Amino acid sequence: MDIFTLAMWIITIIFVIISLIKDKQKTFKSLKIALKMGKAMVLSIFSIIFLIGLVLAIIPPANIATFIEGQNPIIATLGSAFLGTITLIPAFIAFPLVGTLVDASVNIVAAVAFLTTLTMVGIVTFPLEKKEFGLKFAITRNVLSFIFAILIAISMGVIL
Amino acid sequence: MIKKIKNNLFIILVALSYIFLFIFKTPLAITSIKNSGYYLKEMLMIMPIIFVLTALLDTWINKETIIKYLGKEAKAKGVILAFVLGSVSAGPIYAAFPICVLLHKKGASVKNIIIILSSWAVIKVPMLINEVKFLGLNFMLVRWVLTIIAILIFSYIGGKIIKDKDLSVDKAYEEGRVNLNIRACIGCGICSKTYPELFDMENQKAVIKELNDVDQERLDDAIKKCPVNALNK
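Residues numbered from 1 in each chain as written. Chains lettered and ligands numbered in written order. Predicted model: local features only at pLDDT ≥ 70, side-chain atom pairs only at ≥ 80, totals over all residues.

A.B. asks: Honestly, the interface of chain A and chain B in this entry has me stumped. Any pointers?
C.D. replies: Interfaces are frequently sized by the accessible area removed from exposure as the parts join. Contacts between the two partners involve 67 residues from chain A, matched on the other side by 67 residues from chain B. Mapped onto the side of chain A that touches chain B, the elements with two or more residues apiece are α1 (3–22), α2 (24–58), α5 (91–103), α6 (108–120), α7 (126–133) and α8 (135–159) of chain A. Classifying every residue of the side of chain A that touches chain B by side-chain character gives 43 nonpolar, 17 polar and seven charged. (Contact = placed C-beta atoms within 7 Å. Helix = DSSP H or I, 4+ residues; strand = E, 2+ residues; numbered from the N terminus. Nonpolar A, V, L, I, M, F, W, Y, C, P; charged D, E, K, R; others polar.)

What follows is the structure, given as structure tokens:
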């Protein structure tokens, strides 16, 4: 567990204790609501997790690297940005991967596009986002994020 | 039944692809499950506290506070707070969903919700540390600054496109959500008399209206009074 997750656990536990001191009944009611919330989301989250597992089995991250390396800059950028949207790779795999790409002097724009869409745009999390926020919100946020991910990548290419 | 399938289409599709894979490509299915392991662990470490935090916020933080700090009028203060909230939190992007839905319900603006979600996804502090390690300080700083500028711009655009009412979708875990068994309902109208803000009568059957702040006691009262137990939580 990293410090930030740990910190969130500690904060939550402190909140629960304060809440208990303030009002026992309200606290138990909140915990019941939390449980209900969890129940309502758990199946969707499990589906997301197993879908990510599936996508990673079909398109292993290493293949993504090979794909980016061989292409011309425009296709590499759009392609990697798109690949970034479907997969969700933990940072500890993504950064070394992107690191190798940059070291191998693969164009930096593609690498950054991949890195940004990886976390910000989510096709696998889209159904859940739609369920929670509505279709319009989910589409608008993801499309805008995708466009700006590419803009960020291009700017990085110019600056670095 | 059809509605149930439609609501759970995504889950069903994922389950079906796994069944299909297990039959025709067992090794690939096993790799997939192994890959999922990391994410499962990540989820189990963060989601329980996310739900507890969200529920506690719901109970203790009142609307005025959220409107003041994250609402439309919060201006720069709201934007900075949204960035900080997103950046210091742990967990994958979907962990931010329940909290953001709640914050919006309590009066946070769409723009600030987008900032929280996006910064939760891309500019988390633990991620930045990792980025320095593998890509260098320069790379991280430039990307960080550019990302913040980008989020500022597109959250503004998003806030203009998306209206508050677009977000009031059917939330499965909404506090005090009530199920109505329409077949059992005999149309007596007691629920709509007990809690007219939440229940209505249509074609001799009860219907549940959209209501943001459900009074639990009155809802419980209505549930208790239903002569055929057609209502339940």
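Following the structure, the description resumes.
A.B. asks: Looking at this model, I keep getting lost on the nonpolar core. Mind explaining?
C.D. replies: One recurring pattern in soluble globular proteins: nonpolar side chains tend to sit buried together. Membership of the largest hydrophobic core comes to 97 residues, with the highest contact counts inside it found for A:V98 and A:F114. Top contributing element to this core by residue count: α2(A), with 13 residues. In contact with A:F114, other than residues within four places in its own chain, are A:I68, A:S80, A:A81, A:L83, A:G84 and A:V98. If you look at the next biggest cluster of nonpolar residues, it comprises 10 residues, including B:C191, B:L198, B:F199 and B:A230. (Core = buried A, V, L, I, M, F, W, Y, C linked by C-beta atoms within 7 Å. Buried ≥ 20, exposed ≤ 12 C-beta atoms within 10 Å, placed from the backbone.)

A.B. asks: How should the domain arrangement of chain B be read in this particular structure?
C.D. replies: One can read the domain layout of chain B as domain 1 (26–167) and domain 2 (179–232). For domain 1 of chain B versus domain 2 of chain B, the distance between C-alpha centres works out to 36 Å. (Domains from an automatic or database assignment.)

A.B. asks: Quick question: what am I supposed to make of the packing of helix α4 (residues 73–86) of chain A against α8(A) here?
C.D. replies: How two helices sit against one another is set out by the angle between their axes and by the gap between those axes. Residue and element names in this part refer to chain A. Running from N to C, α4 and α8 cross one another at 135°; their axes reach a closest spacing of 11 Å. Taken together, the axis directions place α4 and α8 in an arrangement best described as oblique. Where α4 crosses over α8, the handedness of that crossing is right-handed. Where α4 abuts α8, its residues T77, A81 and T85 lie against F146, A149, I150 and A153. Residue composition of the contact of α4 with α8, grouped by class: five nonpolar, two polar and no charged. (Axes fitted to C-alpha atoms, helices over the stretch in contact; angles between N-to-C directions. Parallel < 35°, antiparallel > 145°, perpendicular 65-115°, else oblique. Left-handed = near helix turned anticlockwise from the far one by under 90°.)

A.B. asks: What is the right way to read unusual backbone geometry from this model?
C.D. replies: Glycine aside, negative phi is the norm for most residues, and most peptide bonds take the trans geometry. Residue and element names in this part refer to chain B. In this structure, K75 takes a positive phi of about 50° despite not being glycine. The topology assignment puts K75 in helix α5 (residues 75–88). Here the phi dihedral of N229 falls at roughly 55°; this positive angle occurs in a residue that is not glycine.

A.B. asks: Help me understand the pairing of strand β3 (residues 205–208) of chain B in this model?
C.D. replies: Taken residue by residue, a regular strand's side chains alternate between the two faces of the sheet. Residues and elements named next belong to chain B. With four bridges connecting them, strand β2 (residues 199–202) and β3 associate as antiparallel partners. Of the residues in β3, the one forming a bridge with D200 is V207. Taking the residues that link successive antiparallel strands as the turn, the β2-β3 hairpin has two residues, and the phi of N203 there is positive, at about 45°. (Pairing = 2+ DSSP bridges.)

A.B. asks: Please explain the packing of α4(A) against α6(A) as it appears in this structure.
C.D. replies: Residue and element names in this part refer to chain A. Viewed as axis vectors pointing N to C, α4 and α6 meet at an angle of 15°, and their least axial separation amounts to 7 Å. As judged from the angle between their axes, α4 and α6 are roughly parallel. For α4 against α6, the interelement crossing comes out right-handed. For the pair α4 and α6, contact is made by P73, A76, T77, S80, A81, L83, G84 and T85 and by V109, A110, A113, F114, T117 and L118, respectively. Grouping the constituent residues of the contact of α4 with α6 by class yields nine nonpolar, five polar and no charged.

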